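Analysis of the macromolecular model
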Amino acid sequence: MRPRRLDGRVALVTGASSGIGAAAAARLAAAGARVFLTGRDPERLAAAAAATGGTPIPCDLTDPDQTAALAARVLETAGRVDILVNNAGQGWAGPLTEMTDAGIQALVAANLTAPMLLSRAVLPGMLARGGGHLGFVGSIAGRLGVREEAVYAGTKAGLSVFADSLRQETAGRGVVVTELVPAVVDTPFFARRGRPYPRRRPRPVSPEQAAAALLAGMFGGRAEVCLPRWMYLPIAVRATLPTTYRRLADRYG
Ligand SMILES: NC(=O)c1ccc[n+]([C@@H]2O[C@H](COP(=O)([O-])OP(=O)(O)OC[C@H]3O[C@@H](n4cnc5c(N)ncnc54)[C@H](OP(=O)(O)O)[C@@H]3O)[C@@H](O)[C@H]2O)c1
């Protein structure tokens, strides 16, 4: 499903230089939105921006000053942000004891602090206009926990509860808060984190499918979208039968 026409709307997409974010930026631009794309790699970001006709703004979201400057620049340039897609994220896999302090801090800053800072920056305008869309790309890891991905899973769990809480805070004021909960998406994510995806199931979906699911959820007013849909099942089992779930997780990983 394509988002409805978005002419005149301003969108900011983080992690738009690659994967899900690049696909989301392309869809938003195709629907008529004025899109600002951000990422770290200037060349890939420029290519993604050129492909969408959007505006690239390089930014390292582990740096709160750069994150604040990004929000300020988009708001100054466009005067508003109607659609914020908090998609950027980085992974790390391995035992917690092998993670550096800097590595932990980078994951928390990029995956959790930056979406909070950006949401706070754009929310006053959305509330004043009585409308806006905040999209968050979470992860099944944040709902279930994953062995040797404790910090990554922790950031995504925090993001999920942040989104839920913000939805309650803004209820009835025109702001739609949506979380995409993907399992596995065929992007450079796994190569970049240094450990390939180790399983056969769930099967990877394309970044285009993930972006389409996110935007359909956002413009359909949905609180959360699991991808694939059967991922609702382990989430429900963990919520209702936690002891059974943990036994199964210990056994099957
Ligand atoms: N792929 C999966 O299986 C999967 C599953 C569940 C959830 N997710 C989530 O989906 C989101 C998008 O990931 P993806 O799969 O599309 O991976 P990807 O292709 O590696 O893209 C990640 C994007 O995030 C950006 N990014 C990472 N760290 C950043 C930082 N410190 N500052 C600014 N930008 C940063 C990257 O920018 P540069 O490349 O320019 O640095 C890139 O644009 C992430 O939040 C990820 O956790 C992915």
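The text that follows walks through the structure, step by step, so that each part is easy to find. In this text, all values refer to a predicted model and were calculated from it rather than measured experimentally.

1. Considering the site of the ligand
What surrounds the ligand is a group of 33 residues, the closest being S18, N87, Y152, V185 and T187. Contacts to the ligand include Y152, whose side-chain N or O atom sits 2.6 Å from an oxygen atom. Note that an oxygen atom of the ligand is positioned 2.8 Å from one of the side-chain N or O atoms of K156. Among the secondary structure elements, those contributing two or more residues to the shell around the ligand are helix 1 (19-30), helix 6 (150-169) and helix 7 (189-193). By residue number, the principal contributor to the shell around the ligand is helix 7, which donates three residues. Grouping the constituent residues of the shell around the ligand by class yields 15 nonpolar, twelve polar and six charged.

2. Focus: the sheet that holds strand 4 (residues 83-86)
Strands sit in the order 3-2-1-4-5-6-7 across an open sheet of seven strands; the sheet is parallel. Two strands close off the open sheet at either side, each with one partner strand: strand 3 (55-58) and strand 7 (224-227). Put simply, the sheet's adjacent strands are angled 15 degrees from each other on average, direction ignored. Pairing of strand 1 (residues 10-14) with strand 2 (residues 34-39), which is carried by five bridges, proceeds in the parallel orientation. Each bridged residue has a counterpart across the sheet, and for A11 the counterpart in strand 2 is V35. Helix 2 (residues 42-52) rests against strand 2 and strand 3 of the sheet, and its axis sits at about 165 degrees to strand 2.

3. Re helix 2
Listing the buried residues of helix 2 in full gives L45, A48, A49 and T52. What you see down the axis of helix 2 is that its buried residues fit within an arc of 100 degrees, all on one side. Seen from the buried face of helix 2, the exposed residues on the opposite side, beyond 90 degrees, are E43, A50 and A51. Next to the buried residues of helix 2 lie helix 1, strand 2 and strand 3. The residue sitting at the N-terminus of helix 2 and contributing the capping side-chain oxygen is D41; that oxygen lies 3.1 Å from the backbone nitrogen of E43. Following helix 2 by one or two positions, G53 adopts a phi angle in the positive range, close to 75 degrees.

Reading the values: rules and limits
Residues numbered from 1 in each chain as written. Predicted model: local features only at pLDDT ≥ 70, side-chain atom pairs only at ≥ 80, totals over all residues. Heavy atoms only, no water. Near = heavy atom within 4 Å. Polar contact = N/O pair within 3.5 Å; in protein donor to acceptor, adjacent residues only side chain to side chain. Helix = DSSP H or I, 4+ residues; strand = E, 2+ residues; numbered from the N terminus. Nonpolar A, V, L, I, M, F, W, Y, C, P; charged D, E, K, R; others polar. Pairing = 2+ DSSP bridges. Axes fitted to C-alpha atoms, helices over the stretch in contact; angles between N-to-C directions. Contact = heavy atoms within 4.5 Å. Buried < 20%, exposed > 50% of the residue type's maximum accessible area, 1.4 Å probe, protein only. Arc of directions from axis to C-beta.

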